[in-house]
Structure formats: C-alpha cells, structure tokens
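# Overview (structure and organization)
Spelled out from the first residue to the last, the chains are:
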2 protein chains.
Amino acid sequence: MSNLQQQLNFVLEIDRLKAVYRQAMVKSDNNRFENSAEHSWHIALTAQILSPYAEDGVDLQRVTTMLLLHDIVEIDAGDTFAFADQTALDGQPEKELAAADRIFGLLPEQQFIEIKSLWLEFEAAQSIDAQYAKAIDRILPLLQNINNEGGSWVKHGVSKTQVIKRNQYLEKSAPKLWQFVLEQIELSVEKGWLKPE
Amino acid sequence: MSNLQQQLNFVLEIDRLKAVYRQAMVKSDNNRFENSAEHSWHIALTAQILSPYAEDGVDLQRVTTMLLLHDIVEIDAGDTFAFADQTALDGQPEKELAAADRIFGLLPEQQFIEIKSLWLEFEAAQSIDAQYAKAIDRILPLLQNINNEGGSWVKHGVSKTQVIKRNQYLEKSAPKLWQFVLEQIELSVEKGWLKPE
Ligand SMILES: [Ca+2]
C-alpha cells in the first residue's frame, strides 16, 4: 500500500472519534453528550488562547498535536469518566496501548513512530509540554461545569479534593491559571456543585 | 474585565460551534449530520498527517491555527453548503465579517488582532499557508463522500466541474494530492456519484 493510501486510511478511521461520547454535556446544544472529536477541537484551541499563561519553554505546536491526538485511542478503548471508581479504570492503560498500536499503526512507519511517541509523552505527563497539554484537557471540563451549574460534577457527586487533584498539572505548567482554578473550586463548593470534602 | 476573564468568555462562547451542523454526514455515527467543531478537529489533524505533501514553506503551526479557527464565524453566520446556489451565498461574507468582529472581539485586543488577521488570511486564500489550509478543508469532505458512496454529492446532484473547481487550491499547495484527487473524481463519475458535466 502506498504511504498516501495508509495516511488516507488513518484519516478516515479517526472519523470514528465523532461517535465516542463523554460524560460532559454540550450546553449550547440542548445538553446532549459531548463527543471526543469536538472536545479535542475545543482543547486544542483553548491551549492556544491560554498560551500567555503557559510557563516558558512550552512548545505550542507540540502541545496542539498532542491534544488533537490524545483521545484517538478511545475509538477502541472507550472513554472513561474522569472520576470513575478504580474498577472502571482497571485495564484501561492496556486497552489504550493496544488501541494506539492498531490505530496509529495504520500510518506509514515513520509517522507511526512519531505520533505514538508523542501520545506516550502525553500519557506520561512528565515533560512540560505534556503537563501543559494535560492541564488544558482538564481545565476545560471544569470551566464547562462551572458554566453549567455544576454539570457532570453534580450528576456524579464529585468532591473538591478530586477536582483539585485532577487539575494539579496546572501548578507547574501554568501557575496563574492554577490560582484561578483554586478560587473557582472554592466558589463551586459554596454553590453546592462540589462536595466540600 | 481581566484578560483572563475575556479569554475564558471566548473559550466558553465557541462551545456553540458544536451546535452548527453541516451537510456532511458522519458515517461512523449512523450518518447523523456533522457539526463544525468536530469537522475542525478532523481537518486540523488531517493537515498534519498530509503535511509531507505540502509545498516547501508551508508553516504547519499557522495552518493548524487557521483550521481550528476558520469555522467559528458560523456560530453567528451559519454554515452554507459548499455547492449552494448563488442566492444562498449572497450576503455571507458580510455576515461572517460581523461574526468575526463579535466573536474574536471577545478576546483581549492583541489576540483579537492576531486571530482576526489569521482568519482574514485564510479567507483571502492568497498565502501558501492559507491555500494549503483551504485545500485540506476541501479534500476531507471529498474523502468522506468517496468513503460513503457519494454522500452529500449524490444527495445534492453535484457535478465533476464543481468538485474540481472547489479542490483547485491543491494544485499549487500540494500537487501530489491534486493528482490523486483528479483520479478520485474520475472514479466517482464512473460510479455515478458525480454528474459527468
Ligand atoms: Ca480528554
């Protein structure tokens, strides 16, 4: 198969991310569930808009590619709710790794290697680029919930500690946003959208 | 209002792009209509995957930002079908310009200027970056239609000449893809998915 045919097969395969639905709701569209493709668009653009708050050295091009790619494994592995209990999360890393090999593996060898390693970097959350990307992936649902009277937090009885822990990547990669998020979490507790524990 | 509050208002406002539906159908999700947010994700990633075919000098970071942004004006102006007749297209540029001023205008001044000028550059389709971005925006629906037995072409009785004209930006920005597209158009005529005129 030619490189081009492999690339086109990949491009058509990832169409399926539009059929992976998350717990988040789209307020602008009658609170239907959000799919992972439109979520990926939203965070890629949010990473650019909030880049003035990113720490020095964050490479926005790499972050953007990470965010556009990061959920593709859900085509095979499904989305798991951020605050699901541990049994729902068990086995997820293995499923996602197999998904990465199958789906990114549709690409020509060189692109497969590049893209898989970028995805692994995101998952490891060690580099400054990955930490900023993760932080943005996590701050957007927080903003959506705050804008939607608690949204999926209320629905699933999520607590303050859980949200703080989940947004902790901001602390190093974008400290000014971290301050803002801590304030918003306190306000959300006051409004009864988050459990105070 | 602080810069951060303006940026967050913008981030939340663009959520509405998830409620703008296009003529294209999502084959992987029971052929429901595609929205412009998930479409923007798909083309931003496609631009990266097909970048080996882009002419020298194409700046992928700028292209990606253009593609993530280019449809946001549809929040106010709506989507018009690519092959709509002229009356449906009349007045669209003015509506989109007003939309750009309102929506991008939610951002702090400096970001507003940068993003509006990038959007204008995309619309003008004169720079090599804008031409590659436009080409990718147009090749993806073509691939989707070919993968879906003619899809929206068949539904709307679209002709070969219309599709060739619409994909012409490939000729300069990615000549190898242009050759491929011409072949696919011929095959689509043979299959009866495009009118031969
Ligand atoms: Ca995610």
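Residues numbered from 1 in each chain as written. Chains lettered and ligands numbered in written order. Predicted model: local features only at pLDDT ≥ 70, side-chain atom pairs only at ≥ 80, totals over all residues. Heavy atoms only, no water.

### Considerations on the packing of aromatic side chains
Convention followed: Classification of ring pairs uses Phe, Tyr and Trp, with its six-membered ring standing for Trp, and accepts pairs whose centres are within 6.5 Å; under 30 degrees between planes counts as stacked, over 60 as edge-to-face, and the remaining range as tilted. For helices the rule is a DSSP run of H or I covering at least 4 residues; for strands it is a run of E covering at least 2, with both sets numbered from the N terminus onward. Categorising residues by exposure relies on relative accessible area from a 1.4 Å probe, with only protein chains included: less than 20% of the type maximum marks a residue as buried, more than 50% marks it as exposed, and the intermediate range marks it as partly exposed.
Counted according to the given criterion, the structure contains 4 aromatic pairs over all chains. Aromatic side chains B:Phe104 and B:Trp119 sit 6.4 Å apart centroid to centroid with 65 degrees between the ring planes, which places their arrangement in the edge-to-face category. Note that B:Phe104 is positioned in the loop between helix H6 (92–103) and helix H7 (109–124) and B:Trp119 in helix H7, a separation of 15 residues in sequence. Each member of the pair B:Phe104 and B:Trp119 is classed as buried. Pairwise contacts between aromatic rings join A:Phe10, A:Phe104 and A:Trp119 into one cluster.

### Let's talk about the relation of the copies chain B and chain A
Short version of the rule: The superposition of copies rests on a least-squares fit of C-alpha positions from residues with pLDDT of 70 or more in both. Two residues form a contact once any of their heavy atoms are found within 4.5 Å.
Each copy of the sequence occupies a distinct position, and chain B is placed on chain A by a rotation of 180 degrees and an axial shift of 0.0 Å, giving an RMSD of 0.0 Å. Interpreted geometrically, this transformation is the action of a two-fold axis. Same-surface contact between copies: 100% of interface residues of chain B are shared with the interface of chain A.

### Examining the interface of chain B and chain A
Quick note on the threshold: Buried area is calculated as the accessible area (1.4 Å probe) missing from two parts once they are joined, with the contributions of both summed. By salt bridge we mean one thing: a side-chain nitrogen of Lys or Arg within 4 Å of a carboxyl oxygen of Asp or Glu. Polar here means any residue outside two lists: the nonpolar Ala, Val, Leu, Ile, Met, Phe, Trp, Tyr, Cys and Pro, and the charged Asp, Glu, Lys and Arg; Gly therefore counts as polar.
With 51 residues of chain B in contact, the opposing surface of chain A contributes 51 residues. Counting the surface lost from both chain B and chain A, the interface buries some 4,300 Å², and carbon and sulfur atoms represent 67% of this. Counting the surface chain B buries against chain A, the share from its top three residues, B:Lys18, B:Trp41 and B:Ile49, is 18%. At the boundary of chain B with chain A, the tally comes to 2 salt bridges. For B:Glu34, the salt bridge is made with A:Lys18, and the minimal N-O distance between the two is 2.7 Å. Counting residues per element, the side of chain B that touches chain A draws most heavily on helix H2 (residues 36–49) of chain B, which supplies 10 residues. In terms of residue class, the side of chain B that touches chain A is built from 28 nonpolar, 15 polar and 8 charged.

### Details of the side chain of B:Asp15
In this structure, B:Asp15 sits in the loop between helix H1 (3–13) and strand S1 (21–26). Using a relative accessible area of 7% as the deciding quantity, one classes B:Asp15 as buried. Every residue in contact with B:Asp15, bar those within four places of it in the chain, is listed here: A:Val26, A:Lys27, A:Ser28, A:His42 and A:Gln144.

### Quick notes on the coordination of the calcium ion
Residues and elements named next belong to chain A. Definition in use: With water excluded from the atoms, a metal site may look incomplete; its donors are any N, O or S atoms within 2.8 Å, or within 3.2 Å for Na, K and Ca.
Bound to the calcium ion on the protein side are His39 (NE2), His70 (NE2), Asp71 (OD), Asp137 (OD) and Asp137 (OD), at distances that span 2.6 to 3.1 Å. Spacing between the donor residues of the calcium ion along the chain follows H-x30-H-D-x65-D. Residue His70 is located in the loop between helix H3 (60–69) and helix H4 (74–77), and its partner Asp137 is located in helix H8 (residues 128–146); the two are separated by 67 residues in the primary sequence.

### Remarks on the layout of surface pockets
In plain terms, the rule: Every definition here rests on a 1 Å grid over the protein atoms only: cavities are sets of points where a 1.4 Å probe fits but cannot get out, pockets are open sets enclosed by protein on both sides within 12 Å along at least five of seven lines, and lining residues have some atom within 4 Å of a point. Grid points are joined across faces, edges and corners, and a volume is the space filled by probe spheres set on the points.
Estimates place the volume of the largest pocket at around 1,300 Å³. Lining the largest pocket are 47 residues, and of these B:Thr80, B:Phe81, B:Ala82, B:Arg138 and B:Arg166 sit closest to its centre. Every element with two or more residues in the lining of the largest pocket is listed here: helix H1 (3–13) of chain A together with S1, H6, H7, helix H8 (128–146), helix H9 (151–156) and helix H10 (160–166) of chain B. A per-element tally of the lining of the largest pocket places H8(B) first, with 7 residues. Estimated volume of the second largest pocket: approximately 1,100 Å³. Put simply, the parts of the chain that give the lining of the second largest pocket at least two residues each are strand S1 (21–26), helix H6 (92–104), helix H7 (109–124), H8, helix H9 (151–156) and helix H10 (160–166) of chain A. Of the residues forming the lining of the second largest pocket, the biggest block, 6 residues, is contributed by H8(A). Looking at the lining of the second largest pocket residue by residue, the class counts come to 18 nonpolar, 11 polar and 11 charged.

### Things to note about the pairing of S1(B)
Our working rule: DSSP bridges decide pairing: two strands pair if at least two such bridges lie between them.
Pairing between S1(B) and strand S2 (residues 32–35) of chain B: 3 bridges, direction antiparallel. Looking at S2(B), one finds that B:Tyr21 is bridged to B:Asn35.

### Quick notes on the pattern of salt bridges
This structure, assessed with the given rule, holds 24 salt bridges over all chains. The network of salt bridges with common partners includes A:Glu13, A:Arg16, A:Asp76 and A:Arg102.

### Some remarks on the UniProt feature "domain: HD" (unreviewed entry) in chain A
Formally: UniProt positions are given in the numbering used here, feature names are shortened, and annotations may be inferred rather than shown by experiment.
Mapped onto this structure's residue numbering, the UniProt feature "domain: HD" (unreviewed entry) falls at residues 14–178 of chain A. Helix makes up 62% of residues 14–178 of chain A and strand 6%, whereas the separation of the span's terminal C-alpha atoms amounts to 33 Å.

### Focus on H1(B)
For H1(B), the set of buried residues is B:Leu4, B:Gln6, B:Gln7, B:Leu8, B:Phe10, B:Val11 and B:Glu13. Buried positions along H1(B) lie against helix H2 (36–49), H8 and helix H12 (175–190) of chain A together with helix H4 (74–77), H6 and H7 of chain B.

### Here's the deal with the nonpolar core
Convention followed: What we call a nonpolar core is a set of buried Ala, Val, Leu, Ile, Met, Phe, Trp, Tyr and Cys residues that are connected through their side-chain atoms within 4.5 Å.
Formed by 120 residues in total, the largest nonpolar core has its most connected members in A:Ile72, B:Ile72 and B:Phe104. Ignoring anything within four residues of it in the chain, the contact list for B:Ile72 reads A:Trp41, A:Leu45, B:Phe10, B:Ile14, B:Leu17, B:Ile103 and B:Phe104.

### Some points on the environment of A:Pro196
Residues and elements named next belong to chain A. Looking at the element boundaries, Pro196 is found in the segment after H12. Overall, the relative accessible area of 64% leaves Pro196 in the exposed class. The spacing of Pro196 and Ser159 is 37 residues in sequence and 6.2 Å in space, taken between C-alpha atoms. Contact partners of Pro196, with chain neighbours within four places excluded, come to Lys160 and Val189.

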